[in-house]
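# Descriptive structure summary
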Amino acid sequence: MDSAAFRELALAEMDSVYRMAMHLTHHPDEAADLVQETYLKAFKAEGRFELRDKGVRPWLFKILHNNFYTRYQKKKREPTIADDLIQDSVPSELDSPPPAWDLEHLDWEQVDDRLKHAIDDLPEHYREVLLLWAVEGLKYREVAEVLGVALGTVMSRLYRARSILSEKLADLAAEQGITVA
Amino acid sequence: MERPMKSQEARKFLPAFADGELDVEQNLRVLEQMAMDPVNTKRVLHQQQLRQACGRVMGDPAVKCPVALRQQIEEMAEAALREEGEAGNGESRSNGGDSSGSGDLTPKPGYDDRHDSPVLATIGRWVAPLAVAALLAIVGVVGLNVFRSATSGGYTADGLISASLAERFGDRHASCTLGEIAPYKADLFPTDIDQLDESLAQHVGQELDGAALDLSSLGYDYQVAGVCPIPGDNAVHVIYENEGGNTLSLWIKAYNGKPTLDPGVPYIPPQDHSGRPMMVWREADMVFYLVGDAMDDVKKAQPAIRLASRV
């Protein structure tokens, strides 16, 4: 791929990259700064880019993720005991099958804001996995590459994130008089 | 007959099935389980609904990259392309360079400067300025040590701002003055320093005497101003340059109690933190962060800027 084509692809992802930066920083100026830095690095390192199924997007997210953690001096989170509990199947409250109740019964006009807050309240490492997967549509393998973690870690974080959200939605369902199985 | 899934298997396979992440054999196994127990179908449905709901509430299409930022990045891309054209290279860009076909998405560390990508022409132009900057930093370190040994009073040396924040100021100064990053919303600030008062008051939220920000008497001309995320909300970054190519960066921010500074007493962070000569001080309800290429110039500029807050 030539440079012009690469840049065209990269520029087409600006809204997605900015949206992810906003989710990470919660501040428009910091998000803008992060996006600018991400693209600067992407243009410098474009020779290392290889076009894949998802195009340039996961590659930009990886640079964004690394910039964010470098900038804010946050150590990359290693898998924790909680993750290991999920992965290694130690019997616990986490070792239960996924919920089976129908979310369509919820009154989403009331639920959307609360779901958004619930997602915002997720631990950062769960939230980032969830956003890359649900909002940006990345596959597990791509999320693992973006975050630099094992595939199993992505699956366990995602499972835990979904479980937390399902629990909160179950509370809302109960408020709306919906029986949750 | 297929045995029912255990909890652990259901936890692993049902969400992955809902997400389309399983291979054919695994898909068939889940389909058998769904046929055996309708609850499993509900579980899959729940996972799919949850994903859709998350995507809907967080993937707001109204959240778009701001126009000013988009323009900056597009200009960055165009400039890089122009430079490649000017370099006149007809070399083909090596796409990763290896034949492993690993498809690694990760930009590799230790990027090889001898790589034959035309992008290196872009990177190459920063080598000389960076070398100069490094030299200036070394000169700055020596200057600071001389300065410290020569002055015993007037400046405090307590660890009032973190090393990481000082480093961010140093990095930001280097990036902006080398043109790698432009101050944000620069178009909202005037090109003439005499007209800077109003923009500063609007963004910093404090009245300032803009004339005191004019450092032309020290040989430093105003270049550009813009909003900066460092050190926090509503900070304004003003950049100066002298004829010799030395630069000064001034950040102005409303004082919110941090860092804990006595009014009028400048603080010099250790230079191994910022990588550049730096001074921080508070006047009235504002805090000023000044970073430069030469400590002498920072030292001369600081008293002039102090007057800015005394309106």
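So, on to the overall build of chain B. Across its full length, chain B carries nine helices and five strands. Secondary structure elements in chain B, listed N-terminal to C-terminal, are α-α-α-α-α-α-α-β-β-β-α-β-β-α. Across the 311 residues of chain B, 37% fall into the buried class. Across chain B, contacts joining residues at least 24 apart in sequence account for 61% of those joining residues at least 6 apart.

With that out of the way, let us pick up the sheet that holds strand E5 (residues 286-292) of chain B. Through backbone hydrogen bonds, the strands of a sheet pair up, either in parallel or in antiparallel fashion. All names here are of chain B. Across the sheet, which stays open at both edges, the five strands sit in the order E1-E2-E3-E5-E4 with antiparallel pairing between neighbours. At either end of the open sheet lies a strand with only one pairing partner, and these are strand E1 (220-228) and strand E4 (278-283). Ignoring strand direction, the axes of neighbouring strands in this sheet form an average angle of 20°. Judged from the seven bridges that link them, strand E3 (residues 247-254) and E5 form a sheet pairing that is antiparallel. Residue pairing across strands places Ala 254 opposite Met 286, the latter belonging to E5. Against the sheet, helix H9 (residues 295-306) makes contact with E1, E3, E4 and E5, and its axis sits at roughly 155° relative to E5, the strand it touches most.

All names here are of chain A. Taken N-terminus to C-terminus, the directions of helix H2 (residues 14-25) and helix H4 (residues 57-71) make an angle of 30°; their axes are 10 Å apart at the nearest point. Classified by the angle their axes make, H2 and H4 are roughly parallel. Remark: the crossing between H2 and H4 carries right-handed chirality. Along the contact surface, H2 presents Ser 16, Val 17, Met 20, Ala 21 and Leu 24, while H4 presents Arg 57, Leu 60, Phe 61, Leu 64 and Phe 68. Considered class by class, the residues forming the contact of H2 with H4 number eight nonpolar, one polar and one charged.

Turning to its location among the elements, Val 63 of chain B is positioned in the loop between helix H3 (38-58) and helix H4 (67-87). What Val 63 of chain B contacts, discounting residues up to four positions off in sequence, is Arg 19 and Met 22 of chain A.

Time to look at helix H7 (residues 124-135) of chain A. Residues and elements named next belong to chain A. In this model, H7 (twelve residues) spans 15 Å end to end at C-alpha, consistent with the 16 Å of a helix rising 1.5 Å per residue. Across the twelve residues that make up H7, a large majority, ten, are buried. Within the span of H7, buried status applies to His 125, Tyr 126, Glu 128, Val 129, Leu 130, Leu 131, Leu 132, Trp 133, Ala 134 and Val 135.

This next bit is on the confidence of the model for chain B. Residues and elements named next belong to chain B. Here chain B averages 73 in pLDDT, and 72% of its residues register 70 or above. Taken together, the stretch residues 142-157 has pLDDT below 50 and engages in 15 contacts with residues farther than four places along the chain or on a different chain. For this predicted complex, the interface confidence reaches an ipTM of 0.78, while the overall pTM sits at 0.52.

Let's shift gears to the packing of H4 of chain A against helix H8 (residues 140-147) of chain A. Residues and elements named next belong to chain A. Viewed as axis vectors pointing N to C, H4 and H8 meet at an angle of 35°, and their least axial separation amounts to 8 Å. Along this stretch, H4 crosses H8, giving a crossing that reads as right-handed. Judged by residue contacts, Pro 58, Phe 61, Lys 62 and His 65 of H4 engage Glu 142, Glu 145, Val 146 and Leu 147 from H8. Looking at the contact of H4 with H8, its residues break down into four nonpolar, one polar and three charged.

Glancing now at the pairing of strand E2 (residues 235-242) of chain B. Residue and element names in this part refer to chain B. Burial runs high along E2: six of the eight residues are buried. Inspection of the sheet shows E1 paired to E2 by eight bridges, in the antiparallel sense. Note that in E2 the partner of Tyr 220 across the bridge is Asn 242. With six bridges joining them, E2 and E3 adopt antiparallel strand pairing. The residue of E3 that forms the bridge with Ile 239 is Ser 249. Linking two consecutive strands that pair antiparallel, namely E2 and E3, is a turn of four residues; a positive phi of about 90° is found at Gly 245 within it.

Cut-offs and rules
- Residues numbered from 1 in each chain as written.
- Chains lettered and ligands numbered in written order.
- Predicted model: local features only at pLDDT ≥ 70, side-chain atom pairs only at ≥ 80, totals over all residues.
- Helix = DSSP H or I, 4+ residues; strand = E, 2+ residues; numbered from the N terminus.
- Buried ≥ 20, exposed ≤ 12 C-beta atoms within 10 Å, placed from the backbone.
- Contact = placed C-beta atoms within 7 Å.
- Pairing = 2+ DSSP bridges.
- Axes fitted to C-alpha atoms, helices over the stretch in contact; angles between N-to-C directions.
- Parallel < 35°, antiparallel > 145°, perpendicular 65-115°, else oblique.
- Left-handed = near helix turned anticlockwise from the far one by under 90°.
- Nonpolar A, V, L, I, M, F, W, Y, C, P; charged D, E, K, R; others polar.
- Expected span 1.5 Å × (residues − 1).
- pLDDT = per-residue confidence, 0-100.

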